[in-house]
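Each chain, letter by letter, is given below.
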Protein chains: 2
Amino acid sequence: MKSIYTLALSALLLTGCAQKTSQKNTEAESKPATTNILGISYPMVNPDLTVTVRVNAPTADSVTLDLMKKYPMTKNADGIWEATTEPQVVGFHYYFIDVDGAYVSDPSSELFFGCGLMASGVEIPEEGAEYSLEQQVPCGELRTQMYYSNITQAWRRCFVYTPPGYDDSDTRYPVLYLQHGSGEDETSWGVQGKTDIIMDNLIAGKLAVPMLVVMDRGYAVDPTVKPTPGGGRRFAGFNTFERVITEEVVPLIDKTYRTIADRDHRAISGLSMGGFQATSIGFNHTDMFANIAGFSGVSPVTEENWSTAYNGLFAHAEAFNSKIKVLYLSLGTEEAERFGMVTDFHNRLTEAGIDHVYYESPGTAHEWLTWRRSLHGFAQLLFK
Amino acid sequence: MKSIYTLALSALLLTGCAQKTSQKNTEAESKPATTNILGISYPMVNPDLTVTVRVNAPTADSVTLDLMKKYPMTKNADGIWEATTEPQVVGFHYYFIDVDGAYVSDPSSELFFGCGLMASGVEIPEEGAEYSLEQQVPCGELRTQMYYSNITQAWRRCFVYTPPGYDDSDTRYPVLYLQHGSGEDETSWGVQGKTDIIMDNLIAGKLAVPMLVVMDRGYAVDPTVKPTPGGGRRFAGFNTFERVITEEVVPLIDKTYRTIADRDHRAISGLSMGGFQATSIGFNHTDMFANIAGFSGVSPVTEENWSTAYNGLFAHAEAFNSKIKVLYLSLGTEEAERFGMVTDFHNRLTEAGIDHVYYESPGTAHEWLTWRRSLHGFAQLLFK
């Protein structure tokens, strides 16, 4: 172990020095990405929002950067491979490096569970993004909550955001359930999503009421249920997950935390796959959730099953509007084509006279900035 | 992004299938490491405790596995590189892959902040390790605690373990401060160290009293202090860190949590660099800490400065023994040569008649199993 430790620590120190030099001499306005390992210079975000990535691979024949698209990297005299991307849209992007066919994460980046593995990520700063940056405001906590699931017969973990001052009073709080996307996990909203920072800032600015936020793991396998042949959309065991959330997690949270345990004070939402899950669970359990949202993902109701789906929930606009306090749908403008079902559903809801909020995140795609902005918007509508 | 998502998810599903086949046919007793990404077969831990690692790098010329030592990997007909290590000692080992000179983490592994970057890790199961495995016992929580440090003029994060039932009573608790090693960070004790699981099991078995455990970040830079030329051992700003812990973190924890805020009910400990820091801080602040431990690391007092170091703390055995409730030193038998200073210090303490506990972890080196066992041992001695 000694060699690895020593090497890595030397690298940490040396790179810190290299950073200062390069910033001073040649790239005065380029900045190391905030998603880099502390003290590491590259990836570097340039003023035109291009990103320069460097990889040390002295004997490789071919190195490619995969950041939204593939960029062949070129080797300099020191054996360092480099590529600069096209200008990027603001927000958080996963990326990978292909070294002679090995598809790996960049050792210069903090890694984030996404795409089904620990992925490199680069944050392109958003102007006016104070809402998702640490401010001088009281901070809540992110807590792990381990629980044994009788349904999956396994230990599971969720994260719970508690608002500032939770431990200093007997106040009871409403609860927002918030689900990650496919290939991500229960860590994603707390890390890539910056949920705690967004909520701290909203609460400090009195833009949102103090609430708990529960981020569970969106995969669940019931060992007593045979896998569906083919798997497909249901590979994650959506039915099982629905049971875990409604039969195990909600009761656990109501028992463990000081919640206001009624439907008006409960919301369920999620992104992409989690948006599909959250809306589907919400529509199935309006006795449990009066507030429902899908970010870049929704369990759509089609023209054909409009009056029958979810026990006729959508059949009568007036009944829906009096029952559901907030229905919120969102997507990024740059993913509109691929996720047209969200827009289609929004149009059908409008035609049917069903109250809802539809938000398009300007200039963002199927990525975390769309979802941070959606959380920021949705949370402000809740429990008021 | 679509391509990455789709690829990775397909890989997740396919590998899940591959796993079943290979286990059935050829490696009946080999098991995917518990540290792998869920559903990924390799690294595979074999019954003789060798580890087989596979890397997909079809066009690479040379791939090497670095797991305690370097193993050249060989390519099979499908372009998959494979190596099987020598038998490993039980416990948690960081490892890396060298692909044509690119030194990267293995995409098949969950990654762990260690060695100054996000490192692959493989867990070699320890027989009789129930103490560090989830059992059917009440679970505490791991909480993030963000705080603004006026000393470093930056936001910092620590993790706080709260014992089961913390929120259900008005009980006040003692506090153990627990520091990571060099190249690791405030996440390490909670992830690699399994602190929450070890404490849950100890408390459930009534082997340890319920306590809070605070895991802070061991690096601190005071922007008003000029860096020491050369850096060396003090690169992490040990003096600044000592100020952060004693002037900011301890008061923060006493203010935020229901602690018993006196020296008898406070302990400080750490591993490797953190052991150096913890003992040094503890010996400097016996007014604050009556319980002190160094795992595989200690701030040693030499023969020369025995009577003067730390304001003469070690000069009078009787005074020391009545003041310090627990002094605990440990190391693994396989690191004894490199960390002889721990044993030397233990011998000097014995000669001087200073009460302490000295523990050698059988068969383990400068690795997490030494430190999990040390936490397991030290925690049982505290606050009784």
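This structure is a prediction, so every number in the text was calculated from the model and none was measured.

Chemist: Now, about the interface of chain B and chain A: what can you tell me, with residues and values included?
Modeler: On the chain A side, the residues contacting the 61 residues of chain B number 61 residues. Summed over both partners, the interface of chain B with chain A comes to about 5,500 Å²; 60% of that surface belongs to carbon and sulfur atoms. Our count for the contact surface shared by chain B and chain A stands at 4 salt bridges. The interface formed by chain B and chain A contains 14 residue pairs in polar contact (both at pLDDT 80 or more). Of all the secondary-structure elements, those providing two or more residues to the side of chain B that touches chain A are helix H1 (2-25), strand S8 (91-99), strand S9 (102-104), strand S10 (111-114), strand S11 (117-124) and strand S12 (141-149) of chain B. Here the residues of the side of chain B that touches chain A are counted per class, giving 35 nonpolar, 14 polar and 12 charged.

Chemist: Account for the sheet that holds strand S7 (residues 80-84) of chain A, with residues named and values stated.
Modeler: Strand order in the open sheet formed by 5 strands is S1-S2-S3-S7-S6 (chain A), and the pairing between neighbours is antiparallel. Two strands in the sheet have a free side with no partner beyond their single neighbour: strand S1 (31-32) and strand S6 (74-75) of chain A.

Chemist: Tell me what's going on with empty space enclosed by the protein, and back it up with residues and numbers.
Modeler: To find leftover empty space, one rolls a probe the size of a water molecule over the atoms. Residues and elements named next belong to chain B. On inspection of all chains with the given rule, the structure shows 2 cavities of 30 Å³ or more. The calculated volume of the largest cavity comes to roughly 50 Å³. In terms of residues, the lining of the largest cavity owes the most to one element, helix H3 (residues 195-204), which gives 4 residues. Its residues assigned to classes, the lining of the largest cavity shows 4 nonpolar, 2 polar and 3 charged.

Chemist: I'd love a proper account of the domain arrangement of chain A, names of residues and values included.
Modeler: All names here are of chain A. Domain parsing of chain A yields domain 1 (18-124) and domain 2 (130-379). Using only C-alpha atoms to locate each centre, domain 1 and domain 2 end up separated by 32 Å. Contact residues are listed per partner, giving 13 residues for domain 1 and 14 residues for domain 2. Counting the surface lost from both domain 1 and domain 2, the interface buries some 990 Å², and carbon and sulfur atoms represent 52% of this.

Chemist: Can you break down the packing of helix H4 (residues 238-256) of chain A against helix H5 (residues 273-284) of chain A residue by residue, with the values?
Modeler: Residues and elements named next belong to chain A. Contact geometry for H4 and H5: axes closest at 11 Å, N-to-C directions at 60 degrees. Considered as vectors, H4 and H5 are oriented oblique to each other. At the point where H4 passes H5, the crossing takes the right-handed sense. Here H4 contributes Phe238, Phe241, Glu242, Ile245 and Thr246 to the contact with H5, which in turn contributes Met273, Phe276, Gln277, Ser280, Ile281 and Asn284. When its residues are assigned to classes, the contact of H4 with H5 shows 6 nonpolar, 4 polar and 1 charged.

Chemist: Could you give an account of the sheet that holds strand S2 (residues 44-45) of chain B, with specific residues and numbers?
Modeler: Residues and elements named next belong to chain B. As summarised here, the arrangement of the 5 strands in space is S1-S2-S3-S7-S6, forming an open sheet in which the pairing is antiparallel. Lying at the two open borders of the sheet, with one neighbouring strand each, are strand S1 (31-32) and strand S6 (74-75). The sheet contact formed by S6 and strand S7 (residues 80-84) spans 2 bridges and is antiparallel. Residue pairing across strands places threonine 74 opposite glutamate 82, the latter belonging to S7.

Chemist: Give a description of unusual backbone geometry that names residues and reports values.
Modeler: With the exception of glycine, most residues fall at negative phi, and the peptide bonds are largely trans. In this structure, A:Pro43 follows A:Tyr42 across a cis peptide bond, with omega equal to 5 degrees. Its place among the elements puts A:Pro43 in the loop between S1 and strand S2 (44-45). Positive phi is not limited to glycine here, since A:Met68 has a value of about 70 degrees. Along the chain, A:Met68 turns up in the loop between strand S4 (63-67) and strand S5 (69-72). A:Met68 sits in the partly exposed class, given a relative accessible area of 32%. Despite not being glycine, B:Lys194 has its phi angle at roughly 55 degrees, a positive value.

Chemist: Lay out helix H9 (residues 368-381) of chain A with the relevant residues and their values.
Modeler: Residue and element names in this part refer to chain A. Taking 1.5 Å per residue, 14 residues should reach 20 Å; H9 reaches 20 Å between its end C-alpha atoms and fits that length. Where burial is concerned, most of H9 is hidden: 10 out of the 14 residues are buried. For H9, the full list of buried residues reads Trp368, Leu369, Thr370, Trp371, Arg372, Arg373, Ser374, Leu375, Phe378 and Ala379. Remark: phenylalanine 383 follows H9 within two positions and exhibits a positive phi of approximately 60 degrees.

Chemist: Which residues make up the pattern of salt bridges, and what are the values?
Modeler: Going through the model one piece at a time under the given rule, you end up with 30 salt bridges over all chains. A salt bridge links A:Glu123 to A:Arg372, with the shortest nitrogen-to-oxygen separation between them at 2.8 Å. Remark: A:Arg372 occurs in helix H9 and A:Glu123 occurs in strand S11 (residues 117-124); sequence separation between them is 249 residues. Across the pair, exposure class does not vary: A:Glu123 and A:Arg372 are buried alike. Ionic contacts of the salt-bridge type, sharing partners, join the residues A:Glu141, A:Arg143, A:Asp167, B:Glu141, B:Arg143 and B:Asp167 into one network.

Chemist: Describe the relation of the copies chain B and chain A, and please don't skip the residues or the numbers.
Modeler: Laying chain B over chain A is done by rotating through 180 degrees and shifting 0.0 Å along the axis; what remains is an RMSD of 0.0 Å. Those values place the two copies in the arrangement expected of a two-fold rotation axis. Taking C-alpha positions as reference, the residue of chain B nearest the rotation axis is B:Arg143, located at 2.1 Å. Mapped onto chain A, 100% of the interface residues of chain B are again interface residues, and the two copies thus contact each other with one and the same surface.

Chemist: Mind laying out the packing of aromatic side chains, listing which residues take part and the relevant values?
Modeler: Any pair of aromatic rings gets described here by the distance separating the centres and the angle formed by the planes. Per the counting criterion, the structure on display carries 44 aromatic pairs over all chains. An angle of 50 degrees between the planes, with centres 5.4 Å apart, marks the rings of A:Trp306 and A:Phe314 as tilted. With respect to burial, A:Trp306 and A:Phe314 carry one shared label: buried. Taking 5.7 Å as the distance between ring centres and 65 degrees as the angle between the ring planes, the aromatic pair formed by B:Phe314 and B:Phe345 counts as edge-to-face.

Parameters and conventions
Residues numbered from 1 in each chain as written. Chains lettered and ligands numbered in written order. Predicted model: local features only at pLDDT ≥ 70, side-chain atom pairs only at ≥ 80, totals over all residues. Heavy atoms only, no water. Contact = heavy atoms within 4.5 Å. Buried area = accessible area lost by both parts, 1.4 Å probe. Salt bridge = Lys/Arg side-chain N within 4 Å of Asp/Glu carboxyl O. Polar contact = N/O pair within 3.5 Å; in protein donor to acceptor, adjacent residues only side chain to side chain. Helix = DSSP H or I, 4+ residues; strand = E, 2+ residues; numbered from the N terminus. Nonpolar A, V, L, I, M, F, W, Y, C, P; charged D, E, K, R; others polar. Pairing = 2+ DSSP bridges. 1 Å grid on protein atoms, 1.4 Å probe; cavity = no way out; pocket = protein on both sides within 12 Å on 5 of 7 lines; lining within 4 Å. Points joined across faces, edges and corners; volume = space filled by probe spheres on them. Domains from an automatic or database assignment. Axes fitted to C-alpha atoms, helices over the stretch in contact; angles between N-to-C directions. Parallel < 35°, antiparallel > 145°, perpendicular 65-115°, else oblique. Left-handed = near helix turned anticlockwise from the far one by under 90°. Buried < 20%, exposed > 50% of the residue type's maximum accessible area, 1.4 Å probe, protein only. Expected span 1.5 Å × (residues − 1). Least-squares fit on C-alpha atoms with pLDDT ≥ 70 in both. Phe/Tyr/Trp six-rings, centres within 6.5 Å; stacked < 30°, edge-to-face > 60°.

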